[in-house]
Every structure is written in structure tokens, then in C-alpha cells.
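Examination of the molecular architecture
Here is what each chain is made of, one letter per residue.
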Amino acid sequence: MRKQLYPTTLLWVIGIWALGTIPAASARTVIPGTAVSIIPRPRHMVVFAARWKMPARVGLIARTRTQQQVAAFLVRFLKGRGIDAHIQHAGAASIEFRAAKVADHLGNEGYRLRVTDGHAQLMAQSGAGYFYAIQTFEQLFNAGNRSDNSIHEVTIYDRPRYRWRGMLLDCSRHFFPPAVVKQFIRLAAHYKINIFHWHLTDDQGWRVQIPQYPLLTRIGAWRAGSEIHGKPNDIRHQRYGGYYTDAQIRQIVAYARRRYVTVVPEIDIPGHCTAALAAYPWLAAAKGPFHVRIRWGVSNVPLSPGPRTFHFLDTVFGDLTSLFPGRYIHLGGDEVSQRAMQVWDSDPTAASMMRQRHWTAARLHDYFPTKMAQFLASKDRRAVVWNDVPAENLPPSTIIECWNSSSIAAKDAKLGHDVIVANMGRLYFNFCQGDARYEPHAIKPVITLREVYHFNPSALLPPKLRPRLLGVEACLWSERIATARHLFYQALPRELALAEIAWTPLKRQNYRNFIRRTGGQYRWLEAEHYNFRIPPPSMRFTGPGAKAGLMRVPNKNLVTVRTAAHHGVVRIMEPVPATALYYTLDGSRPTVESHRYRGPVAVNFIPGKPAEIRSIAVTRSGRISAPSQLMVIGGKSR
Ligand code: ACM
């Protein structure tokens, strides 16, 4: 392994200089990083023109147990490509795992990868580092032809920007079977996301077995109906639900652990508890009966703070600590409404507690997570809560997850808490990705791929508080997501942008460069049967005086331009490398039967009458993007 890594720019210079002196195809010629589709973009990477064609039979040297466990993933991957790969403990081999030294500055998750002269070396200090080296190594194949099995030679030094790189999946509003949960984790792990935040309970369903309280799943896991495909007010009156057995949870946790993903289970208290109240109405601060809710909305009956409730919570969180070996447990704490707080005034237990301790309802709100955070700390676990819980009284080890306020992260960090940013305006992937007319049913407003990519969580904190920022998380709340197909559509490709902002240093982030690297990822996603959204093409009009009047319509794939001329040229840019583009000039929705775009299109128009150009992108496998629309109003100036 080369000890010193040359800065990419220097190597570029050497590469260009080399072109003039030795043949262009020299193995040492450096080519742009976009030639290999690696997401998230590594911290330092040099790609050489030379390629290594993998032999039909490949040995992997893995000496330690950890190396061997991780190497097994690579063996499976290579076998899937028709290469006869096998692990060996010593000797000469094409692929070698090597332990890095502390002086290599790789930390817990970093790695070095060197592919050169018919040999690959993967160096790390930890299992996670080897695992991430493998994900990068596998992605080197994405750019190539499947039948070819040759990859570019590279040298990579990589480690993450943030420690917490999370994806939340809400399995209460809709239940996703274990196989889908595993697919979700596998996808995350491939993109070096290391936290799976599992929202397991809410008003619409309780999804985890607690043996001492069997009604939680016998009653609390089921509701009398569901919003059809998540459409509000369109209720299918059919029993809906499900839960994960202990055995399933243990399998999922082990599955995640092998991929260096920590599962963070969430039991949401003291609001969002209706499913538990339906099973055990005595937990409530108001009189029942309660029903597991069909519709989404803020619940208005919180838990009552009596000893029986806390005995229940000790049991539930005690069970969670044995089911989930990870360091973190999420206590929720979000959205206890004003009306819910008023319910505490009329609950004798809550009212007498507030009177005796001179507490407001807001203080009672944080009493639940505070007490349970202390309980978890006694078991050597760290609690996580949503930022709705006032931070002042929480044990200092409690992590605050900030979702609905841009200023709260700095405030809570100043109080001495570690924070995670899950900004609703940028990282709620259940929100629409584009013009709602062409999207599956989702919550508005729109959060585009570009907006996710340009989100900088660190900017929410002043520099001296940034060490408190553990990282970033995107959320998939499933009120309107009923199927795995829709789930992955909402996640992708935005999850790729999340992965890059979570892993890649800010100075290495570049949206256009990122888009160029997505092509290989779409091929991988397609081969792995993940559904995803293809962003619509972008269009540009050039004509006399056109630029001044250019107007993007927010949240619509629509641009309008005014021009003084009667003619101009439209260029259509592919949103994904290697897609075919089709367009119409009459305002109709394009299909694969429309004009195929082969280069700039000349348009002429009648003064005062808008010309409308619409376009779509179609992938090699026939997947079609939403249309983009360009309106040009010509013949008069504004
Ligand atoms: C949340 O979206 N209620 C955390």
C-alpha cells in the first residue's frame, strides 16, 4: 500500500503532463473520478486509465476472523458475477485484506483501497472499514459492462464526515414485512449508512412483542381499516396490521450488524401511544376505550404518569435492551399536543403530580423521557429523543434528534447535548420529490434531489458547537406509503444524496459531479430490484433576449422563458447518464413514440402564442421519468 497519497489535483497535472510524453493509454494516466460511479464520493481518490480484468478464479487473503466474515460478502458478490472466488488464509492471492495501523488515520470506519497491477488491497482498522472498502470495490464494477468483469485501477483513502448516518423507517403507520426491512437495511449499508432508526410504535400500530404485555400485539398491532394506498379519507374497512416476533427482530438485528448497521428502536412516549392505550387503557391519562387509529393525526391522549405506567415502561424498555444490543434507544417524545397537555390537567395522577412538584404540563412532558433516559443510562445505553422534548432536564448523555426547527440543534448543543439533524424541510423522504401531478400519493411540499444534496447540517451550528453534531438522518414516515415499491421510490435517489452529505467532506461535494456518478448506481438498483424515481430531464432555451425572462416554477418540472425573437433552440439534458430522451412540441405528454432527442431542437413560434416543449427520460430497461415542461413565450419582450 502506498503510504503517501498524492492530492488528486497534483496527479491530474502529472497525468496531463504524462500524456505528452508517453502513450495516452499509459497505465499511470489519471482519468476523472466520474469514470467510476462511486457514491458516496470518497475523500481522496485517484482513478487510472488502466483496467484490471478479473481472472476467472480469484483468491482472497483474509487472516483474521473479522476479515474473513467481511470477505464472505465479497466472495458472494464475485460469484454472482461468475468469478470463482475463495477465501484463503495465507499465500499469494489477487485480493488481500490487511490490517491498518493507528498511524494510518482510518479511525473506526475508514479504509484504503488500492487496485493496481492485477492486485487489490483493502486496508482498515475495523470490520466496518473493511465492509466499506468492499462496498466501494463492488461499485467499481457498476460502471463496467456486466459480462466484462474489468475495473479501473484506483487508489482510495476514505473515511466518513459524520458518525451518525441514519435512515428512519416507520413500520407503525404501515407494516413492512421482515424481508422488506432487510432490503431497506441492505440498501442503506451499501451506501455506507450506519444507523437504521426503526419506528416501531405509534397511534396506528404496535409492532414489537413484549411477553409480559401480550395485548400490545394481540390488540395494538391491528386496526379496523386503512387509508387505501395511503390516500386520506379513502378508507378500506379491512383489518390491517402485523408485528415482528422476537425471532424476527433478532434476525433483523443480526442481519444489520453483519453489515455494520446499528438498529435504533423507537418506542414513542408519552404521546403517539394510542395503539398501546387500545391494548391497556389504564396506561392513559383519560378514560377509554381506545382504538388503534386508522387515520394519521396528532393523538390527544398521552400516558398517565402513575407507578403502573412506569412499571410498564421499565418492562418494555428493559425488553428492548435485550432485543437490541446497540448503544442507542429512541424514546420519541414528539408532538404532545396542547390538547393532550390539557388532558393531564384532568387526570388525577398527573394533576396531583404537577401540583405537588409545581410543574407545568410541559415539564411533565419531559418527565417521561427523562425518567426513561435515566433508566437506559443505568443499563449503559444512550437515549435519543425528538427535539420536542425540552432538553434542560434530560441527562446530558441524551441525544436530541432535531426535525422541526433549524435553530434548535445549536440551542441543545449549547446545553451540552449531542445532536442529530433530521430536518423536515430537507430530509423527510415521505414528501414529494417533484411535481405532485406525476408523483405517487405523498405528502407535500416537494423536496427535490438537489435540495437534499445541498443541505449542509453543519451550517446549523456555530463552529465551536460542531463537535456536538453526531450526524444526519432521513425519515420515511409511512402514513401514505403502503407498499415496498412505493417505499423505495420515495427513498431513491434521494438516499444517494443523503449518503453523500453524510459521508463525503463538504469540500468534495458537487452536485453535477454527483449526478454524473448516479448512472452506475441506477444500474445497480435496477439489478437489485429496488424501485426508484428517475429525475425528469432539464431543458434550456437559447434565443435572443431569452435569459432575462427565464423563470423556474417552484416544485413543478416547469420553466417558462420570454424572448423577443420568433425562434430559438432547445437543449434537453439527460437526468441520468445513458438515458434516452423523447420530446413533444405540441404540449402533449411525451412517450417513447414521440420524437427522440438527438441534439438541439430548433423552435419557431407565433408571436404571443406560447410554445410548449415537454420531455421525458427513459432508461435502458424502459423506465420512464416524469415529464419536464418548458414554456417559451416569444415574439414580444417584457
Ligand atoms: C416527527 O416527525 N413527528 C418527528
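Before any of the text, the structure's been laid out above.
To start, this report covers the structure provided alongside it.

The rules behind these values
- Residues numbered from 1 in each chain as written.
- Predicted model: local features only at pLDDT ≥ 70, side-chain atom pairs only at ≥ 80, totals over all residues.
- Heavy atoms only, no water.
- Phe/Tyr/Trp six-rings, centres within 6.5 Å; stacked < 30°, edge-to-face > 60°.
- Helix = DSSP H or I, 4+ residues; strand = E, 2+ residues; numbered from the N terminus.
- Buried < 20%, exposed > 50% of the residue type's maximum accessible area, 1.4 Å probe, protein only.
- Pairing = 2+ DSSP bridges.
- Axes fitted to C-alpha atoms, helices over the stretch in contact; angles between N-to-C directions.
- Salt bridge = Lys/Arg side-chain N within 4 Å of Asp/Glu carboxyl O.

1. Details of the packing of aromatic side chains
Any aromatic ring pair is given by two values, namely how distant the centres are and how the planes are angled relative to each other. If you walk through the whole model with that rule in mind, you get 38 aromatic pairs. Measuring from centroid to centroid gives 6.3 Å for Trp282 and Phe312, while their planes differ by 90 degrees, and the two rings are edge-to-face. Of the two residues, Trp282 sits in the loop between helix 7 (274–279) and helix 8 (307–323) while Phe312 sits in helix 8, which places them 30 residues apart along the sequence. Ring centres 5.0 Å apart and planes at 75 degrees place the aromatic pair Phe488 and Tyr530 in the edge-to-face group. Taken as a pair, Phe488 in helix 15 (residues 484–491) and Tyr530 in the loop between helix 17 (511–527) and strand 25 (538–542) lie far apart in primary sequence, 42 residues in all. On the basis of relative accessible area, Tyr530 is assigned to the buried category, the value being 1%. Following the ring pairs from residue to residue traces out a cluster consisting of Phe175, Phe184, Tyr191, Phe196, Trp198, Tyr244, Phe324, Phe488, Trp524 and Tyr530.

2. What about the sheet that holds strand 25?
Think of a sheet as strands paired side by side through backbone hydrogen bonds, with each pair either parallel or antiparallel. Spatial strand order, 25-28-31: three strands in an open sheet with antiparallel pairing. Edge positions in the sheet fall to strand 25 and strand 31 (601–604), since each has one partner strand and no second. Across this sheet, the average inter-strand angle for adjacent strands is 30 degrees, counted without regard to direction. When strand 28 (residues 567–573) meets strand 31, the two strands line up antiparallel, connected through four bridges. Bridging across to strand 31, His567 finds its partner in Asn604.

3. Description of the pattern of salt bridges
The final tally for this structure, using the stated rule, is 16 salt bridges. In this structure, Glu96 engages Arg63 in a salt bridge whose closest nitrogen and oxygen atoms are separated by 3.1 Å. Of the two residues, Glu96 is situated in strand 5 (residues 95–99) and Arg63 in the loop between strand 3 (57–61) and helix 2 (65–80); the sequence distance between them amounts to 33 residues. According to the relative accessible area criterion, Glu96 is buried, its value standing at 14%. By relative accessible area, Arg63 is classed as partly exposed at 44%. Several salt bridges converge on common partners, so that one network encompasses Asp170, Arg173, Asp202 and Glu479.

By themselves, these are just geometric observations and shouldn't be taken as functional.
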